[in-house]
Amino acid sequence: MGRKVTLATCSLNQWALDFEGNLERILKSIEIAKAHGAKYRLGPELEICGYGCADHFYESDTLLHSFQVLRKLLESAVTQDIICDVGMPIMHHNVRYNCRVLFLNRKILLIRPKMVMANHGNYRELRWFSPWNQLRLRLSVFIPLFVCVHQVTVPFGDCVLSTKDTCIGTEICEELWNPRSPHIQMGLEGVEIFTNSSASHHELRKADQRVNLIKSATTKSGGIYLYANQRGCDGDRVYYDGCAMVVINGDIVAQGAQFSLNDVVCTDMERAGSEKAYLQIRLYSHLREPKPCHRVKVDFSFSSGDDIFLPTHQPITWHFHTPEEEISLGPACWLWDYLRRSGQAGFLLPLSGGVDSSSTACIVHSMCTLLCQAVKDGNGQVLEDVRRVVGDDSYHPQHPGELCARIFTTCYMASENSSEDTCSRARELANQIGSTHMNINIDMAVKGILGIFSVVTGRWPQFRANGGSHRENLALQNVQARVRMVLAYLFAQLSLWARGKPGGLLVLGSANVDESLTGYFTKYDCSSADINPIGGISKEDLKSFLLYCVEQFQLPALRSILSAPPTAELEPLTDGQVSQTDEADMGMTYTELSVIGRLRKISKCGPFSMFCKLIHMWKDALSPTEVAQKVKHFFRMYSMNRHKMTTVTPSYHAESYSPDDNRFDLRPFLYNTRWTWQFRCIDQVAIGQSRVALGRSNSFELQQSTRLQGS
């Protein structure tokens, strides 16, 4: 006979070290859960202090304030008569653990430490925490007296809760992704409800991996799986994308939004049947560990006797966003969190009329669209934040374009090398999205800087088109690019002052992941900004995103932007037309760069192994010698320009081959750019392959000649 229970899981927009705000959001989520009749509330990983505290986890203050928040939660009337599951760091025997704290009616039931640390990609948990490796061991540990006067010790370890009517086991984030996930053994030992508290970031095309893992957790042995995740920007480059869900016996029965402006989102599962596949449990009972999980008994019941005729939830189909929708929503929500928490009054973007800066502009427009919809839906927190950002307590946004005009400034920075085409494209897009647009000519500033150089040296550099050397040509391009950066920050600081309005603007960057990979940008140019929403997105994905925006936001100006060749416009025009293109400068296409970037990071290829893969992947288009030239050219550019990544603008992490130097892609920034040994290995194979191909060709020609003679 199945019992029917009501459980709640949630996504919270927590902020690192914002103990006051984090407490408020936790209490609000518990209040919502209780209003829906839930007997259990699950929150995201390290929700009390925020997941992204980084080296602040070393500080005793972080531990102290986390316990102070825990005391507030224990004392609150809101937390009564519901099992609350919250996350915080805890020190035991001078060892720091990432823990779940489960409590009921002012009593801590269990402290469950994390056993498998996330220590790859963006994650560095082993830097701050130790994994709990004393499996099946239950300790009684002391807690600070000021936290709970009624308890001296509490259970500590990988235990499970045993209530009157069911059994609950806990997983924490990375443990789900481990080949020996705790839920496997817990399921074999009769645990019926599994919970997972996560801080899992958004990455393009990642959501289905997470959903499939969670579904598979209960497909084999049955049970209920609750998943909670953080949502939002908690002060770093990643965006946590929610997706709280409930799964029963492999079927999704409740789903939370992946992207949302709500600070607190509860996903409750009312009256879910907790019947398990008992046949499977008996069948595989011989696989149980010799030492079972310790059960902490709790005098509490999730179900009642009058629920026999109550309906249970039915399976639903998960809605996955397309990559274009993900780009439209994820970076937009990240930008809004950054803006409202930074205390600034909006954004400034140098809008060049190209794909990259136009993509950034469209993401800001998407953000304004989301804000207007949230206000329309009655989100009071969003309205309050919007009014604070624009500095008007009576303001009520009605339309994305009208909101853009208040918080988004774009500027086209023209030089004598700029074409009328890019200027008109930038102006047309600005008009359609509604930004406050300016045209700025930088020639006076460029000539002033070159004049200073000329006075000191007695020389005036020339472009290559005018007889100058490569060094002169590159330096003249860099001067223009760096002047734009200086002017962008000047206008960001003072443009609102000039309009008689308070506050300053955040400068937005618009360098894509492929350009960062090769270093195809000027160090300290317009790529040097406060934040960059597209720095983790490939050029190919950005083009698809702009096509999506044409229809989604009714922005026809993007069609001409997409049809134009990518260009920096830093060299003299030829008959008024662009003579410089990005792909010609880089020596490879953006599509080729995307393939190379994935091989370098995801497939962990150095020069030689990358060449060995590409001679097969590109065999229909390029000879082994041509592939070798491409690979060597890329690694020369990459190694020469890697130093630029040490100062690159903080970017939204969206791609698994991001070259972000801060945390995700740790490499040297001073290389031997000749790669002597590696390139020699490539040349040996390339020459050998070419000889084999030539031999096959000669053999084929000989056979053809013999056949002709015979006929």
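Please refer to the structure higher up on the page.
About the criteria used
Numbering of residues starts from 1 in each chain and follows the order in which that chain's sequence is written. Residues qualify for local features only when their pLDDT is at least 70, as the model is predicted, and side-chain atom pairs are given and counted only at 80 or more; totals for whole chains, interfaces and linings, by contrast, use all residues. Values shown for side chains rest on all heavy atoms present in the structure; no hydrogens or waters enter the calculation. Secondary structure elements follow DSSP: runs of H or I of four or more residues count as helices, runs of E of two or more count as strands, with numbering from the N terminus. Only C-alpha atoms enter the radius of gyration; for comparison, a globular chain is expected to reach 2.2 Å times N to the power 0.38, where N is the number of residues. Only protein chains enter the area calculation, which uses a 1.4 Å probe; residues under 20% of their type maximum are buried, those over 50% are exposed, and those in between are partly exposed. Throughout, a contact is declared for two residues whenever any of their heavy atoms are within 4.5 Å. Method for areas: the Shrake-Rupley scheme with a 1.4 Å probe, in which residue coverage is limited to the protein chains shown. Pairing between two strands requires that DSSP report at least two bridges joining them. Every axis corresponds to a line fitted to the C-alpha atoms, with the helix fit spanning only the stretch in contact, and the corresponding angles, defined between N-to-C directions, vary from 0 to 180 degrees. When we speak of the arc, we mean the arc of directions from the helix axis to the C-beta atoms. The definition of a nonpolar core used throughout is a set of buried Ala, Val, Leu, Ile, Met, Phe, Trp, Tyr and Cys residues joined through side-chain atoms within 4.5 Å.

Participant: So, the overall build of the protein: which residues are in play, and what are the values?
Facilitator: Each helix and strand counted, the protein has 22 helices and 21 strands in total. On C-alpha atoms alone, the protein measures out to a radius of gyration of 29 Å, which is about the 27 Å that the 2.2 N^0.38 rule sets for 711 residues. Judged by the C-alpha coordinates and their principal axes, the protein covers about 90 × 85 × 50 Å. When burial is assessed residue by residue, the protein has 56% of its 711 residues classed as buried. A sequence separation of at least 24 residues applies to 74% of the contacts in the protein between residues at least 6 apart. Counting only carbon and sulfur atoms, one obtains 54% of the accessible surface of the protein, whose full area is about 30,300 Å².

Participant: Account for the sheet that holds strand β8 (residues 160–162), with residues named and values stated.
Facilitator: If you walk across this open sheet you meet the seven strands as β15-β14-β11-β10-β9-β8-β17, and the pairing is mixed. With partners counted over all chains shown, the strands left at the sheet margins are β15 (251–255) and β17 (295–297), one partner each. With strand direction ignored, the average angle separating the axes of adjacent strands in the sheet is 20°. Pairing of strand β9 (residues 167–172) with strand β10 (residues 193–198), which is carried by five bridges, proceeds in the parallel orientation. Bridging across to β10, Ile-172 finds its partner in Ser-197. Sitting on the sheet, helix α6 (residues 207–219) touches β10, β11 (224–229), β14 (245–248) and β15, and the angle it makes with β11 is about 150°.

Participant: Explain helix α20 (residues 607–617) to me, and be specific about the residues and the numbers.
Facilitator: Considered for burial, the residues of α20 that qualify are Pro-607, Met-610, Phe-611, Leu-614 and Ile-615. Buried residues along α20 cover an arc of 135° about the axis, so they all sit on one side.

Participant: Would you mind going over the nonpolar core in detail, with residue names and values included?
Facilitator: Residues Leu-335, Phe-347, Met-367, Phe-408 and Leu-558 are the most contacted members of the largest nonpolar core, which totals 61 residues. Contact partners of Leu-335, with chain neighbours within four places excluded, come to Phe-347, Ile-363, Val-364, Met-367, Leu-508, Ile-531 and Pro-533. Tyr-51, Leu-70, Ile-82 and Tyr-97 belong to the second-largest nonpolar core, a separate cluster that totals 51 residues.

Participant: Describe the sheet that holds strand β20 (residues 436–441), naming the residues involved and giving the relevant values.
Facilitator: Judged by pairing direction, the sheet is parallel, and its four strands sit side by side in the order β20-β19-β18-β21 without closing on themselves. Every other strand in the sheet has two partners, leaving β20 and β21 (506–507) as the edge strands with one partner each. Across four bridges, strand β18 (residues 347–350) lies against strand β19 (residues 408–414) in parallel orientation. Pairing of Pro-350 across the sheet is with Cys-411, part of β19. Packed on one face of the sheet, helix α9 (residues 355–376) meets β18 and β19 and runs near 155° to β18.

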